[in-house]
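Below, each chain spelled out in residue letters.
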Amino acid sequence: MPSHVITLPNGITMPTLGQGTWFMGESSLAKKDEVAALQRGIDLGMTLIDTAEMYASGGAEKVTGEAIAGRRDKVFLVSKVLPGNASRRGTIAAFERSLKRMNTDYIDLYLLHWRGGYGLDETFEAMERLLADGKIRAYGVSNFDLDDMQEAAQYDNGNICVNQVLYNLASRGIEWDLMPWMKQRNIAVMAYSPLYQTRLLKSPGLKRVAQELSITPAQLALAWLLHQGTVPIPKTSSVKRVEENRKAWDIELDAQVLAELDGIFPPPDHKMPLDVL
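Presented here is a report on the structure given in the accompanying data block. Please read all numbers here as calculations on a predicted model, not as lab measurements.

Conventions and cut-offs
Residues numbered from 1 in each chain as written. Predicted model: local features only at pLDDT ≥ 70, side-chain atom pairs only at ≥ 80, totals over all residues. Heavy atoms only, no water. Helix = DSSP H or I, 4+ residues; strand = E, 2+ residues; numbered from the N terminus. Contact = heavy atoms within 4.5 Å. 1 Å grid on protein atoms, 1.4 Å probe; cavity = no way out; pocket = protein on both sides within 12 Å on 5 of 7 lines; lining within 4 Å. Points joined across faces, edges and corners; volume = space filled by probe spheres on them. Pairing = 2+ DSSP bridges. Axes fitted to C-alpha atoms, helices over the stretch in contact; angles between N-to-C directions.

**Quick look at the environment of L274**
Point 1. Examined against the element boundaries, L274 turns out to sit in the segment after α10 (255-264).
Point 2. Sequence separation between L274 and N143 is 131 residues, and the spatial gap between their C-alpha atoms is 7.6 Å.
Point 3. Among residues more than four places away in sequence, those in contact with L274 are N143, F144, D145, V165, I174 and L178.

**Section: the layout of surface pockets**
Point 1. In this model, the largest pocket occupies a volume close to 580 Å³.
Point 2. Around the largest pocket, the lining is made up of 29 residues, and of these W22, S193, P194, Q197 and K235 lie nearest the centre.
Point 3. Tallying contributions element by element places helix α9 (residues 239-246) first for the lining of the largest pocket, with 3 residues.
Point 4. Approximately 210 Å³ is the volume found for the second largest pocket.
Point 5. In terms of lining, the second largest pocket is formed by 19 residues, of which the most central are S171, R172, G173, P268 and M272.

**Observations concerning the sheet that holds strand β9 (residues 188-192)**
Point 1. One open sheet holds the 8 strands; their spatial order is β3-β4-β5-β6-β7-β8-β9-β10, and the pairing between them is parallel. This sheet does not close on itself; its edge strands, each paired only once, are β3 (18-20) and β10 (231-232).
Point 2. Here strand β7 (residues 136-142) pairs with strand β8 (residues 160-166) via 3 bridges, running parallel. Bridge pairing in β8 places S142 opposite Q164.
Point 3. Packing against the sheet, helix α3 (residues 88-102) makes contact with β5 (76-81), β6 (107-112) and β7, and its axis sits at approximately 135° to β6.

Structural data, given as C-alpha cells:
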C-alpha cells in the first residue's frame, strides 16, 4: 500500500497525495465549488494544498485561504514565488502578500516557481531567512532540471527539500537522470499535472488497464505516480472527483500491471529536455 506521508530531508513529513489549485480563483461563479472540493479533500486526508501567487494573480491563494479557514493546523500548505519577484527583498515581499491572501502566518513549503533573472544565491538567501524566522518549514524549487538542481546545490545549504515538475505516465523524461539524482539526496518529486491536464485520460491503453483493475483511468495514473514514490497534486473543483482521487492511495499495482503500463508509456532511453506546461 502506498505510504500516506513522505519524510523530507529536514525531518518534516508531507502527505504523498495532495490537491492542486492551478486555474482556481479565476471565476467568482466557480469559487463555491472550488472551496468545497478542497475542503472535502482535507476531510479525506489529502491535506497538502499546492498554490502559487501566479495562479489567477493571487486568486487561487484567496480560494485556498477560504478552504483552510478554521483548519489551518490540519493543512500542509505549499505556495510559490514568481521568478520576477525572486530577489532577496522581492521574495520576502511576495511571501508576505501570499500570507495575507491566505490569512495565515506561515507556509509549510515555499518554492521558486521557475528560474528567472535573479541569482539563485539571492532567492535562497531570502528562503533561508524565512526558514530561520519560522515563517516557512521548508523550501524548494519547481521546474528545475538536473543542471539547475546541481547549481542550486551550491547555494541552498542542503535545504532544498522538493522539486515540483511535470511528471506523469505520458511525460517520463525525469526518470533518466533528474529523478535518480534527487532520490539519492532524498529530495521529493512533486508531480504537477499528474493527468496531463486530462489528456492522459483519453489514452485507450490506460482505459483498458484501468477497466481490467475495476478502477478509473485517473485513479490508475495517480496510483502509478504514488508507486514511483512521487507526490501527485491533481486539481479538481468536483467533490466527486476528489473522492475518486483519494482512492488512489488504496490501490496496489503489481509487477504485471507496471510492465503493461511501461509498454503503453515507455520510460526514457536517453536524456530529454525538462517537460513543462
